[in-house]
Amino acid sequence: MNGFTLVFATLAALYAWGWWRSKRLGRGWPLWRLLLFVGSALAIVVVMSPPSMHWAHDDFRGHMAVHLVAGMIAPLGLVMAAPVSLALKSVPAQWGRRWVGFVSLPPIRVLSHPVTAALLNTGGMMVLYLTDLYAAMRHSPGFALWLHWHFIIAGCLFNWAIAGPDPAPRRPSLEWRFGVLVLSMAAHAMLSKWMYRFHFPASVPLDQVRQGAELMFYAGELPEALLAYLLARQWVRSRYREAAAVPGPRGSSSCP
Amino acid sequence: MSERVQRRTGATMVAAVLLGVGIMAALDEIVFHQVLAWHHFVETDNSALALASDGLLHTLELVMLVAGTALMLRLHETGQHAPGYRGAGFLLGMGGFQLFDGIVDHKVLGLHQVRYVDNLVVYDLCWNLAGLLLLAIGYWLLRRARRGEALSQQ
């Protein structure tokens, strides 16, 4: 059993326990969120298993597929399952205040700012692929392990900072978050086209780079588009209120 | 009963134009890039700057599609959509994208050509005329909607 299995199986078990407890106490928590969280944790366990890791080590397309699941798709699922909200429902109320105090700490606010999260996430990829770091990673198992953790955590941080449903005081405005998301998506698209055209990382055979870059461009678009949709939905919901359209009994509510 | 709901013409137009641009861009990508393969993921003479602008434009198209979908759905959920303006905005968005792609992407930025053949000018002409035609129909629909003559306003 590796560290990824241990951590993500534990988190999934905790989430399932919280879901069950919430249901038993009659407070309820959506089943789709449980399935989303467990499915995402399972996806990380699968792509970080030895056979998949060997494929990722030997073949750039494998590396890209693993990155796609562990760094983009699974983090989106983990964050959208709102694990902190579930945890706060399951613990005494003062923990909620502690959580708010924790995420209000200046270093945490800087770290969870969309710009920081985007730099760690997409910026980290640029450094990895456009420099010799990728070749160095293939020869250092310890560094490779650290990078995998980096991309999982940075992916979660990014999704959380952009459109996370968990409570966080004083988030940057929706406009800010939307702007950062668009720039980050554009940087991702540019990077994959540069890799294809100018052969980065140079240590990998060209045909693997090209197929990996195309995979990065097209498949990477799905979780990005989903994240953009979720954020756009939050935005239009806050701007166009439901109340005006509900055809209640005549005269029972006033029109703004 | 519909008097209680405020119709939002501007927001409906924005959503429809975003959807038009996004759908036309997706059609372009699917039909001409992937199915017909008239041009490729990256052309060999593309510069780093051209590819950067390509990446940015591609992202903006995708975001327009997504944002347009979210906004249009919300306007329908709340009953605030303005009938008559949806088709007009959609066609104006489609035509606008087609013309922008034909002039800026193909000619100014030189990202790729419509097709790599000798009589390219015929292809360019068809491409841009198709854009103008869509814009003209969109404008005609918009005028009808402004006069309250659109089918969905009856």
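Parameters and conventions
- Residues numbered from 1 in each chain as written.
- Chains lettered and ligands numbered in written order.
- Predicted model: local features only at pLDDT ≥ 70, side-chain atom pairs only at ≥ 80, totals over all residues.
- Core = buried A, V, L, I, M, F, W, Y, C linked by C-beta atoms within 7 Å.
- Buried ≥ 20, exposed ≤ 12 C-beta atoms within 10 Å, placed from the backbone.
- Contact = placed C-beta atoms within 7 Å.
- Helix = DSSP H or I, 4+ residues; strand = E, 2+ residues; numbered from the N terminus.
- Nonpolar A, V, L, I, M, F, W, Y, C, P; charged D, E, K, R; others polar.

(A) Just the nonpolar core, in detail. Formed by 104 residues in total, the largest nonpolar core has its most connected members in A:Ile44, A:Ala70 and B:Leu71. Not counting the four nearest positions on each side in its chain, A:Ile44 is found in contact with A:Phe4, A:Phe8, A:Ala70, A:Ala74 and A:Ile152.

(B) Here's a closer look at unusual backbone geometry. Residues and elements named next belong to chain A. With omega at -10 degrees, the peptide bond leading from Phe200 into Pro201 counts as cis. The residue Pro201 is located in the loop between helix H11 (174-198) and helix H12 (206-239) in this model. Look at Ala82: it is not a glycine, yet its phi comes out positive at around 50 degrees. With respect to the helices, strands and loops of the structure, Ala82 is situated in the loop between helix H4 (60-80) and helix H5 (83-90). Located in the positive-phi region is Arg170, a residue other than glycine, with phi close to 50 degrees. One can find Arg170 in the loop between helix H10 (141-163) and H11.

(C) Structural context of the interface of chain A and chain B. Taken together, the contact between chain A and chain B spans 25 residues of the former and 27 residues of the latter. When contributions to the side of chain A that touches chain B are tallied by element, the ones reaching two or more residues are H11 and H12 of chain A. Considered class by class, the residues forming the side of chain A that touches chain B number 17 nonpolar, no polar and eight charged.

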